Every structure is written in structure tokens, then in C-alpha cells.
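Chain by chain, the residues run as shown.
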Amino acid sequence: MQCFAKTFWGERSELLVGVVILIVLLGIAFAAGYFVRDLKSRQRRAEARRWSDYGEPDWLSAGPPANTNEVTANQISTGELGQLGQMLDRWESRARARRVG
């Protein structure tokens, strides 16, 4: 009496079934990856659509740039600048006048 019956493909049918199962599992994993990628992309696009109507609040408006050399007359008259600041202001005023004239 023979315990292992010969199949259509031969004696290695278990290996073939294992390979087929592996290919099916890889296909399922591949499809799941595409599904998750699509889901995340949809979420990102929805958030971008929500932010497109975003208006900047009034308290966040930008003031004058911090790196300007412009000095107000009030700062000069009150002595707020100090000696070095006044000297630099005079230097900047002269340089501006040379550029213009």
C-alpha cells in the first residue's frame, strides 16, 4: 500500500501549493499598500483643501522687517539710539544721499 499518491504534477505538489500561496499573499500585500497610499493621499488633499481658505489672523500680520537701517525722528530726539546709533544713522543718511544724488 502506497501512502503518497502521485498527483498530476508529480510528487512536489506541496511545494507548488506553497509557492502559489506565497504569490497570493504578496499580491494581497501589494494591493493593501496601494489602498493605504490612496487613503493617505486623499487625507492630505482634503487637508490642503481645508487650509486653502485659511486667512491669516490680524495679530499675525508682519511688521516692518527687523534688518532695516531706518530710524525715526523720535528715536533720535529722545536719545534712544545712543552715540553709536546716532553715528550709524548719520553714516547711513550720508550713504543714502550719495546713492540718490
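Engineer: Just to check I follow, could you spell out the packing of aromatic side chains for this structure?
Structural biologist: Aromatic rings in a pair are described by how distant their centres are and how their planes are angled relative to each other. Under the definition given, this model contains 1 aromatic pair. Note on F30 and Y34: the rings are 5.1 Å apart at their centroids and 70° apart in plane angle, and the pair reads as edge-to-face. With F30 and Y34 both in helix α1 (residues 13-52) and 4 residues apart, this pair spans about one turn of that helix. When its relative accessible area of 57% is taken as the criterion, F30 is described as exposed.

Engineer: Would you explain helix α3 (residues 82-100) in this entry?
Structural biologist: The periodicity of an α-helix, 3.6 residues per turn, causes residues three or four positions apart to be oriented the same way. Taking 1.5 Å of rise per residue, the 19 residues of α3 would be expected to cover 27 Å, and the 27 Å separating its terminal C-alpha atoms lies within 8% of that figure. Within α3, the full set of buried residues consists of G85, D89, E92 and A95. Buried residues in α3, looked at end-on, bunch into an arc of 130°, giving them a common side. Exposed and facing more than 90 degrees away from the buried side of α3 are Q83, W91, R94 and R98.

Engineer: Whenever I open this one, the pattern of salt bridges confuses me. Can you help?
Structural biologist: If charged atoms from side chains of opposite charge come close, those side chains can pair. On inspection of all chains with the given rule, the structure shows 2 salt bridges. As a salt-bridge pair, D38 and R42 come within 2.9 Å of each other at their nearest N and O atoms. With D38 and R42 both in helix α1 and 4 residues apart, the pair spans about one turn of that helix. Overall, D38 belongs to the partly exposed group, its relative accessible area being 34%.

Engineer: How should I be thinking about a nonpolar patch on the surface in this particular structure?
Structural biologist: Taken together, L16, V17, V20, I21, V24, L25 and I28 make up a surface patch of nonpolar side chains, about 610 Å² in accessible area. Along the chain, the position of V17 falls in helix α1.

Reading the values: the criteria
Along each chain, the written sequence defines residue order, and numbers are assigned to residues from 1. Where local features are concerned, this predicted model is filtered to residues with pLDDT of at least 70; where side-chain atom pairs are given and counted, the filter is 80 or more; whole-chain, interface and lining totals use all residues. The basis for every side-chain value is the complete set of heavy atoms in the structure, and neither hydrogens nor water enter the calculation. Aromatic pairing here means that ring centres of Phe, Tyr or Trp (its six-membered ring) are within 6.5 Å. Orientation follows from the plane angle: under 30 degrees is stacked, over 60 is edge-to-face, and everything else is tilted. Per the convention used, a helix needs a DSSP run of H or I reaching at least four residues, while a strand needs a run of E reaching at least two, with both numbered from the N terminus. Think of it in three bands: residues with accessible area under 20% of the maximum for their type are buried, residues over 50% are exposed, and the middle band is partly exposed, with areas taken using a 1.4 Å probe on protein chains only. Expected helix span is given by 1.5 Å per residue-to-residue step, counting one fewer step than there are residues. Working definition: the arc comes from the directions between the helix axis and the C-beta atoms, pointing outward to the latter. Salt bridge, as used here, is a side-chain nitrogen of Lys or Arg placed within 4 Å of a carboxyl oxygen of Asp or Glu. Patch membership requires more than 30% relative accessible area and the absence of a salt bridge. Residues of like charge join within 9 Å; the nonpolar side chains Val, Leu, Ile, Met, Phe, Trp and Tyr join within 5 Å. To be clear on the numbers: accessible area is Shrake-Rupley with a 1.4 Å probe, and residue cover counts the displayed protein chains and nothing else.

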